[in-house]
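Understanding the architecture of this molecule
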Number of protein chains: 2
Amino acid sequence: MLSFTEENYLKALVQLTGFEVGSKEVGVNKLASKLNVKPATVTDMVKRLKEKSFVNYKKYGKISLTDSGEKLGMFVVRRHRLWETFLHDQLDFSWNEVHELAEDLEHIHSEKLINGLDKLLGYPSFDPHGDAIPNSKGEIFIPFRKTLSEVEVNESCRVVAVKDNSSDFLQYLDKLGLKINDTIKIIQLEEFDSLTTIKINDKQFVVSPKFTENIYVVCPTCGKAKNCTC
Amino acid sequence: MLSFTEENYLKALVQLTGFEVGSKEVGVNKLASKLNVKPATVTDMVKRLKEKSFVNYKKYGKISLTDSGEKLGMFVVRRHRLWETFLHDQLDFSWNEVHELAEDLEHIHSEKLINGLDKLLGYPSFDPHGDAIPNSKGEIFIPFRKTLSEVEVNESCRVVAVKDNSSDFLQYLDKLGLKINDTIKIIQLEEFDSLTTIKINDKQFVVSPKFTENIYVVCPTCGKAKNCTC
DNA sequence: TAATAAAGTTAGACTAATCTAACAATTTTT
DNA sequence: AAAAATTGTTAGATTAGTCTAACTTTATTA
Ligand SMILES: [Mn+2]
Ligand SMILES: [Mn+2]
Ligand SMILES: [Mn+2]
Ligand SMILES: [Mn+2]
């Protein structure tokens, strides 16, 4: 059985090498800062994870997940996102309250519990932040999306997810009244400092790249993010 | 914040000194065997709990809970029993599957979560085994009950709780088809070896004291266990 | 290519929770 | 009251996960 800590390492590796763009490998320092521990600690732990065949690694080299490591990490993500959905849908938690608690709940080991939860929630595909939920086989299907910063002036788009899940950002979105599935129209873009004027539900706001780069959107008509001919 | 282990000690102390009959104090050996650790381990831990003012204790003396220790222990029991009820009522777990999982879930710290669960479940008073659930103030109300072994021949009674929560016992009850709220009639008692003939839903069984001493019942008419004049 | 910077490792230490084995105090029995 | 049994404590060891400080390897830059 995996310890909480081992699970956190595997989940972090999935997040850093799995569904993020870029490489399938990661360095000790990056993993350490993701987990808020010192590099020395990671070196130690990675050796143990290698012992158990969850990672590929050699001294001074990069770290990557083995198939079994990736699968286990993916299940932690599944549990995390299902709990977030449960808290949000069944217990009326807001989207900025669910993450912290899910960090604990994700370590409860029971396939029956998690599949029961999945059923209770109606087999949701996305969590309250719009992130895809891995299925009971550990498979995840992430739809193509682009960030709001990639949308042209005068175009409209539909919000499908939030990239930055921090409580600060989510509360800012609440202040703006922005929710998943809302439509945003780009009114104007100031090239000089990238400040963008947008319209959400007929209300107009000026937002910075910190906003536009952290909102995932698709075409409101066809639901695609690429090659949309609408 | 309390560790899992500290919480388990406080819960065990509540169970041994709180709602069981008898003394409000307990010895190191008894606590050790309840927690499946060695007495030496308990001595150590009890010193730490005393440091934090959760127990009263002096060398070679008995252990008892302080008010704050009892309150915290009672909240662990509340969480445990609410989770058991959730698993049973919402996720269709049987009453012999809930305990083990609740042993883990009871350590998730969130007042909001637990009160949300309480509301979702309709503020239940009893868990799937018939045990009283402490309320959000940490108060518990345990109704008077007697064991089936105290019921006279030819009398009927209603099952309100199960004393032995072991999976083995619960599965035996399932085999007999016995559930909370069922009515049992004592048909005959063999004084020699205390074997008892009972009737559950018109079916007759011969059971041993291991059964009759582990089933809590009340009068089917007035719901009382003492001074019933029905 | 040599110097410097960045990234990674090692050694040694700490804490919480546990154990075993030896010992000490208390209680019960004779 | 002495012996025996029970109950509880102490000392020393172990394990997982973490840290700091010193050191080594690899990468970047001049
Ligand atoms: Mn989250
Ligand atoms: Mn999420
Ligand atoms: Mn239980
Ligand atoms: Mn119970």
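Above: the structure in question.
Criteria and cut-off values
Residues numbered from 1 in each chain as written. Chains lettered and ligands numbered in written order. Predicted model: local features only at pLDDT ≥ 70, side-chain atom pairs only at ≥ 80, totals over all residues. Heavy atoms only, no water. Salt bridge = Lys/Arg side-chain N within 4 Å of Asp/Glu carboxyl O. Helix = DSSP H or I, 4+ residues; strand = E, 2+ residues; numbered from the N terminus. Buried < 20%, exposed > 50% of the residue type's maximum accessible area, 1.4 Å probe, protein only. Pairing = 2+ DSSP bridges. Contact = heavy atoms within 4.5 Å. Polar contact = N/O pair within 3.5 Å; in protein donor to acceptor, adjacent residues only side chain to side chain. Nonpolar A, V, L, I, M, F, W, Y, C, P; charged D, E, K, R; others polar. Donors = N, O, S within 2.8 Å, 3.2 Å for Na, K, Ca; no water. Disulfide = S-S within 2.5 Å.

Another point: the pattern of salt bridges. All names here are of chain A. The tally for this structure, following the rule as stated, stands at 16 salt bridges over all chains. Of the charged contacts, one joins glutamate 7 and arginine 79 as a salt bridge, the two residues approaching to 2.9 Å between their closest N and O atoms. Placement of the pair is glutamate 7 in helix α1 (residues 4-18) and arginine 79 in helix α4 (residues 67-91), with a sequence separation of 72 residues. As far as burial versus exposure is concerned, glutamate 7 and arginine 79 are alike and both buried. Notably, a salt bridge pairs aspartate 182 with lysine 179, separated by 3.8 Å at the nearest N-O pair. Within the structure, one salt-bridge network assembled from shared partners comprises Lys11, Glu103 and Glu106.

All names here are of chain A. Pairing within the open sheet is antiparallel, and its six strands lie in the order β3-β8-β4-β5-β6-β7. The outermost strands of the open sheet, each flanked by one partner alone, are β3 (146-147) and β7 (203-207). Where β3 lies against strand β8 (residues 215-218), two bridges are found, and the strand directions are antiparallel. Bridging across to β8, lysine 146 finds its partner in valine 217.

So, on to the interface of chain A and chain B. Size of an interface, as often reported, equals the accessible area lost when the parts are brought together. Taken together, the contact between chain A and chain B spans 19 residues of the former and 19 residues of the latter. At the surface where chain A touches chain B, the tally comes to two salt bridges. Between B:Glu97 and A:Lys112 there is a salt bridge whose closest N-O contact spans 3.0 Å. Counting every contact that joins chain A to chain B gives two residue pairs in polar contact (both at pLDDT 80 or more). Elements supplying a minimum of two residues to the side of chain A that touches chain B: α4, α5 (98-105) and α6 (111-120) of chain A. Of the residues in the side of chain A that touches chain B, the class split is twelve nonpolar, three polar and four charged.

All names here are of chain B. Spatially, β3-β8-β4-β5-β6-β7 is the arrangement adopted by the six strands of the open sheet, whose pairing is antiparallel. Since the sheet does not close on itself, it has two edges, and those belong to β3 (146-147) and β7 (203-207), each with one partner. The pairing of strand β4 (residues 156-162) with strand β8 (residues 215-218) spans four bridges and is classified as antiparallel. Its bridge partner lying in β8, valine 162 is registered against isoleucine 215.

In this section: the coordination of the manganese ion (ligand 2). Residue and element names in this part refer to chain A. Protein coordination at the manganese ion (ligand 2): the donors are Glu84 (OE), Asp127 (OD) and His129 (ND1), at 2.1 to 2.3 Å from the metal. Distance-wise, the manganese ion (ligand 1) is placed 3.6 Å from the manganese ion (ligand 2), both being coordinated by glutamate 84. Like histidine 129, aspartate 127 is buried.

Our next topic: the state of the cysteines. Simply put, disulfide is the name for a covalent bond between the sulfur atoms of two cysteines. Residue and element names in this part refer to chain A. Within the structure shown, the criterion is met by zero disulfides over all chains. The cysteine cysteine 157 is free of any disulfide, with cysteine 219 supplying the nearest cysteine sulfur at 9.1 Å. Of the residues examined, cysteine 157 reaches a relative accessible area of 1% and is grouped as buried. The class for cysteine 219 is buried, based on a relative accessible area of 9%.

As a further point, take the pairing of strand β5 (residues 183-189) of chain A. All names here are of chain A. Note that strand β4 (residues 156-162) and β5 share three bridges and pair antiparallel. Paired with serine 156 across the strands is lysine 185, a residue of β5. Joining the antiparallel neighbours β5 and strand β6 (residues 196-200) is a turn of six residues, in which serine 194 adopts a positive phi near 60°.

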